[in-house]
Amino acid sequence: MNKLAKLRPAISTFLMMMAVATTSTAISFLNQPVSTQLQIGMGQFTLYYSLMVAAGALTTPLAGQLIHKLGAVKIVIATAIWGLICMVLFSVSNSLWMFYIVGILAGALGGSAITLLANVIVQTYYTTSEAASLIGIVMAGSGVGSILYSAVIPVILEKTGIAATYRFIGIIWAVLLILSVLILGKATPVAEEKGGELGTNGMTRKEALRSPMLYMMVLSVLLLTCGTGLAQHWPAVLEELGYNAVTTGAIISFYSAVLTAGKIAQGILYGKLGLKKGALIVYALYIIGFFLLLKAAVYPAFLCIGLGFGIVTTLVPVLTKSLFGQKEYAGIYGIIAMSISVGSFITTPVWGVVYDTTGSYRPGFLVMPVLIALAFLLQILSIRLQEKAKTM
């Protein structure tokens, strides 16, 4: 296989993750103008996005099973068309309840499904070591997309209005996904390339459900999503630390850039050092970042947090394959991926309650290192159990 053909799955999934950013960053620019147009509060309006995330979380395990039955190409094409239809529906929505309903429909077969599919393709078309190196680059596609949409969408919105902008986002979503399918083409899964039968190694979904490793992974991810929830409050955190709006924007931009680079760096680290050694370094940086926040060393803190934050999207998919194999990877990872969405959905308002109760986000800076350390220990224990099972 030549190098270009070898890279096709990586390029394809990178474009998928760029598409995923339309369902988060791109549509977020419409929140303020739509809520103003409907004459409702931002809290009421943005509940549609929470419903979208919740719908994605609930359907992720089903999407994992459908991938095995229908194949990647059919799922991507269906999702491209469905997403475009939903954006058109958003463009004609003129009441809050319509946004709620369309949000649920969009989430049921949207960004969560494509993120799962991108992970499945990377783990299927590359060896474990190759996947470890490439997953960070692939996941950085959402960061690159966010940067581009942040520059383009405000201009489109100003010149064309709300309805046209929703339709534009839908077209971008569909074009990127269809292009990803064309690039993937007939690339050869790694097991077939080596003369084996795809999916013959590893656990079935039923076997995984009986394994303590699965529940350790789910719990570790739920603990890590406490950081995802806290990240939704970064502007308020920086305001508490005394930064004005302009400086806060600069710090968040710095953090976003580090986050994108951090995903790539993590992938390279796992590929070079292995999962255990690479994870130790990344987890240590993540923990140090929160201790630096306690000292109000903001830029060093966000550097460390940004480098460690992507664990859920880089380490977890590769570790899942390492623990459970490729046999029914999509179905097993679908369960773990559901905990990512559920955890984020729950923890975001929880940190808001913490702030309302204590008047500060500092309790979060103290609690997060403990939660991160527990997540690391659970994942290391999972690896130990798998290694022990191999020797039996």
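Right above here is the structure, for reference.
Engineer: Help me understand the environment of tyrosine 355, please; the structure alone is not making it clear to me.
Structural biologist: Inspection of the secondary structure assignment puts tyrosine 355 in helix H19 (residues 329-358). Judged by its relative accessible area of 31%, tyrosine 355 is partly exposed. In this structure the C-alpha to C-alpha distance between tyrosine 355 and isoleucine 281, which are 74 residues apart in sequence, comes to 30 Å. Among residues more than four places away in sequence, those in contact with tyrosine 355 are Glu240, Ser360 and Tyr361.

Engineer: It is not clear to me how the packing of aromatic side chains should be interpreted in this structure. Could you clarify?
Structural biologist: For any pair of aromatic rings, the description consists of the separation of the ring centres together with the inter-plane angle of the planes. This model, assessed by the stated rule, comprises 19 aromatic pairs. With a centroid separation of 5.4 Å and 25 degrees between ring planes, the pair formed by phenylalanine 90 and tyrosine 166 is classed as stacked. Separated by 76 residues along the polypeptide, phenylalanine 90 in helix H6 (residues 72-92) and tyrosine 166 in helix H10 (residues 162-184) bring together distant segments of the chain. By the burial criterion, phenylalanine 90 is buried, and tyrosine 166 matches it. Relative to phenylalanine 302, the ring of tryptophan 234 has its centre 4.9 Å away and its plane inclined at 75 degrees; by these criteria the two rings are edge-to-face. Within this pair, whereas tryptophan 234 is found in helix H14 (residues 234-240), its partner phenylalanine 302 is found in helix H17 (residues 298-308), the two being separated by 68 residues in sequence. Judged on exposure class, the residue tryptophan 234 and its partner phenylalanine 302 are both buried.

Engineer: Quick question: what am I supposed to make of the packing of H6 against helix H8 (residues 111-125) here?
Structural biologist: The packing of two helices is summarised by the inter-axis angle and the distance between the axes. Relative orientation of the contacting elements H6 and H8 amounts to 155 degrees, with a least axis distance of 11 Å. Taken together, H6 and H8 sit at an angle that is classed as roughly antiparallel. H8 is crossed by H6, and the crossing has left-handed handedness. Two secondary-structure elements touch here, H6 through Ala72, Ile75, Val76 and Thr79 and H8 through Ile114, Leu117 and Ile121. Tallied by class, the residues present in the contact of H6 with H8 amount to six nonpolar, one polar and no charged.

Engineer: Please clarify how the side chain of threonine 248 should be interpreted in this entry.
Structural biologist: By the element assignment, threonine 248 lies in helix H15 (residues 245-273). Residue classification places threonine 248 among the buried residues on the basis of a relative accessible area of 9%. Residues in contact with threonine 248, not counting those within four places in the same chain, are Pro235, Leu238 and Tyr243.

Rules behind the numbers
- Residues numbered from 1 in each chain as written.
- Predicted model: local features only at pLDDT ≥ 70, side-chain atom pairs only at ≥ 80, totals over all residues.
- Heavy atoms only, no water.
- Helix = DSSP H or I, 4+ residues; strand = E, 2+ residues; numbered from the N terminus.
- Buried < 20%, exposed > 50% of the residue type's maximum accessible area, 1.4 Å probe, protein only.
- Contact = heavy atoms within 4.5 Å.
- Phe/Tyr/Trp six-rings, centres within 6.5 Å; stacked < 30°, edge-to-face > 60°.
- Axes fitted to C-alpha atoms, helices over the stretch in contact; angles between N-to-C directions.
- Parallel < 35°, antiparallel > 145°, perpendicular 65-115°, else oblique.
- Left-handed = near helix turned anticlockwise from the far one by under 90°.
- Nonpolar A, V, L, I, M, F, W, Y, C, P; charged D, E, K, R; others polar.

Purely geometric stuff here, so don't read any function into it on its own.
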